[in-house]
Amino acid sequence: NAGEKVTDSGHIIVVDSIAPTMTAEYSAADRVVGTTSYYNDIAEVTFTVTEANFYAEDVEVMVSKDGGTAYAVTPKWTDKNVDTHIGTFTLSGDGDYVITVNYTDRSTNQMTPYVSHTITIDTIQPVIDVVYENSNVINTLTDRDGMEREYFADTQTAVITITEHNFHAEDVVFDITATDVTGKELDA
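What counts, and where the lines are drawn
- Residues numbered from 1 in each chain as written.
- Predicted model: local features only at pLDDT ≥ 70, side-chain atom pairs only at ≥ 80, totals over all residues.
- Heavy atoms only, no water.
- Helix = DSSP H or I, 4+ residues; strand = E, 2+ residues; numbered from the N terminus.
- Rg over C-alpha atoms; globule rule 2.2 N^0.38 Å.
- Buried < 20%, exposed > 50% of the residue type's maximum accessible area, 1.4 Å probe, protein only.
- Contact = heavy atoms within 4.5 Å.
- Areas by Shrake-Rupley, 256 points an atom, 1.4 Å probe, with all protein chains shown as cover.
- Lys, Arg positive; Asp, Glu negative; His and termini not counted.
- Charge placed at Lys NZ, Arg CZ, Asp CG, Glu CD.
- Phe/Tyr/Trp six-rings, centres within 6.5 Å; stacked < 30°, edge-to-face > 60°.
- Salt bridge = Lys/Arg side-chain N within 4 Å of Asp/Glu carboxyl O.
- Pairing = 2+ DSSP bridges.
- Polar contact = N/O pair within 3.5 Å; in protein donor to acceptor, adjacent residues only side chain to side chain.
- Core = buried A, V, L, I, M, F, W, Y, C linked by side-chain atoms within 4.5 Å.
- Axes fitted to C-alpha atoms, helices over the stretch in contact; angles between N-to-C directions.

Caption draft 1: The arrangement of the overall build of the protein chain in detail. In terms of helices and strands, the protein chain carries zero helices and 17 strands. A compact globule built from 188 residues would reach a C-alpha radius of gyration of about 16 Å, whereas the protein chain, at 31 Å, exceeds it by more than 25%. Summarising its shape, the C-alpha atoms of the protein chain cover approximately 120 × 30 × 20 Å along the three principal directions. Within the span of the protein chain, comprising 188 residues, buried residues form 23% of the whole. Contacts spanning at least 24 positions in sequence make up 62% of the contacts within the protein chain whose residues lie at least 6 apart. In the structure as shown, the protein chain presents an accessible area of about 13,300 Å², 51% of it carried by carbon and sulfur atoms. Taking the average location of the 9 positive side-chain charges in the protein chain and that of its 32 negative ones, the two points are 6 Å from each other.

If you want it as structure tokens, here you go:
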């Protein structure tokens, strides 16, 4: 007995046992300290996914800002070739960002989850305030430039307050100069 030949042209069978892989690249940071990249503007993010049966909607990209609840981001995807797919998006606005990417292809092969280092965008200049503790003026003289100078009998202590989201004490450089009323430099 011979059966009739049956052709099923309405279905495609995909055999895929290879998990997707991904690399991440970022625009050049203004500074990198440890595992944190600092930007004083925007940060461009580029993902390159290697996957034969790629569907962009299956890639889950989440961004957490300042340790808050992560929100979904949809990169703009382009196909470099049948196996290579490039997604790009931009981070903007001051904050500390962490990006996570999860991807399981339609054959249930799971990509190794990706977690970025910290990406900090900081466009606000530090504010420096100096207050002197000793307010007991014992004499006031006018210097050679016509500026009034206050003199104190005791040690003068300056309290410096720096308002900065990304403060690192090792980045602070103090330059203290002192002159007498004649303009002669003093050892301070």
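Caption draft 2: Focus on the packing of aromatic side chains. Scanning the model with the defined rule gives four aromatic pairs in all. Ring centres of Phe 54 and Tyr 103 lie 5.8 Å apart, and the angle between their planes is 75°; on these two criteria the pair is classed as edge-to-face. One end of the pair, Phe 54, is in the loop between strand S4 (43–50) and strand S5 (59–65); the other, Tyr 103, is in strand S9 (residues 95–103), and 49 residues separate them in sequence. A single burial state applies to Phe 54 and to Tyr 103, both of which are buried. Aromatic rings pair up to connect Phe 47, Phe 89 and Tyr 114 into one cluster.

Caption draft 3: The arrangement of the environment of Ala 153 in detail. Tracing the sequence through the fold places Ala 153 in the loop between strand S14 (148–152) and strand S15 (158–163). In this structure the C-alpha to C-alpha distance between Ala 153 and Asn 139, which are 14 residues apart in sequence, comes to 9.0 Å.

Caption draft 4: The arrangement of the pattern of salt bridges in detail. Counted according to the given criterion, the structure contains three salt bridges. Residues Glu 57 and Arg 106 are paired through a salt bridge, measuring 2.9 Å at the closest nitrogen-oxygen approach. Of the two residues, Glu 57 is situated in the loop between S4 and S5 and Arg 106 in the loop between S9 and strand S10 (114–115); the sequence distance between them amounts to 49 residues. Each member of the pair, Glu 57 as well as Arg 106, carries the same accessibility label: exposed. With a shortest N-O distance of 2.8 Å, Arg 106 and Asp 58 are connected by a salt bridge. Of this pair, Arg 106 sits in the loop between S9 and S10 while Asp 58 is found in the loop between S4 and S5, placing the two residues 48 residues apart along the sequence. A residue is classified by how much of its surface remains accessible, and Asp 58, at 23% relative accessible area, is partly exposed. Through salt bridges with shared partners, a single ionic network connects Glu 57, Asp 58 and Arg 106.

Caption draft 5: Layout of the pairing of strand S13 (residues 137–142). Pairing between S13 and S14: five bridges, direction antiparallel. If you follow Leu 141 over to S14, its bridge partner there is Arg 149. Hairpin geometry of S13 and S14 is characterised by an intervening segment of five residues between the two adjacent antiparallel strands and by a positive phi of about 85° at Gly 146.

Caption draft 6: Main features of the side chain of Ser 64. Structurally, the position occupied by Ser 64 is in strand S5. Within the structure, the side chain of Ser 64 is placed 2.8 Å from the backbone oxygen of Gly 68, a separation counted as a polar contact. Not counting residues up to four positions away in its chain, the partners in contact with Ser 64 are Ala 70, Asp 96, Tyr 97 and Val 98.

Caption draft 7: Expanded view of the nonpolar core. If you look at the biggest cluster of nonpolar residues, it comprises 22 residues, and the most contacted ones within it are Phe 47, Val 61, Phe 89, Leu 91, Ile 99 and Val 101. Secondary-structure elements contributing two or more residues to this core are S4, S5, strand S8 (84–91), S9 and strand S11 (118–121). Contacts of Phe 47, omitting those with residues within four sequence positions, involve Met 22, Thr 23, Ala 24, Val 61, Trp 77, His 85, Ile 86, Gly 87, Phe 89, Ile 99, Val 101 and Tyr 114.

Caption draft 8: Region of interest: the sheet that holds strand S7 (residues 76–79). Strand order across the open sheet formed by four strands is S1-S4-S8-S7, with antiparallel pairing between neighbours. Two strands lie at the open edges of the sheet, namely strand S1 (21–26) and S7, each paired on one side alone. Taken pair by pair, the neighbouring strands of this sheet meet at an average axis angle of 20°, ignoring direction. Judged from the four bridges that link them, S7 and S8 form a sheet pairing that is antiparallel. Paired with Thr 78 across the bridge in S8 is Ile 86.

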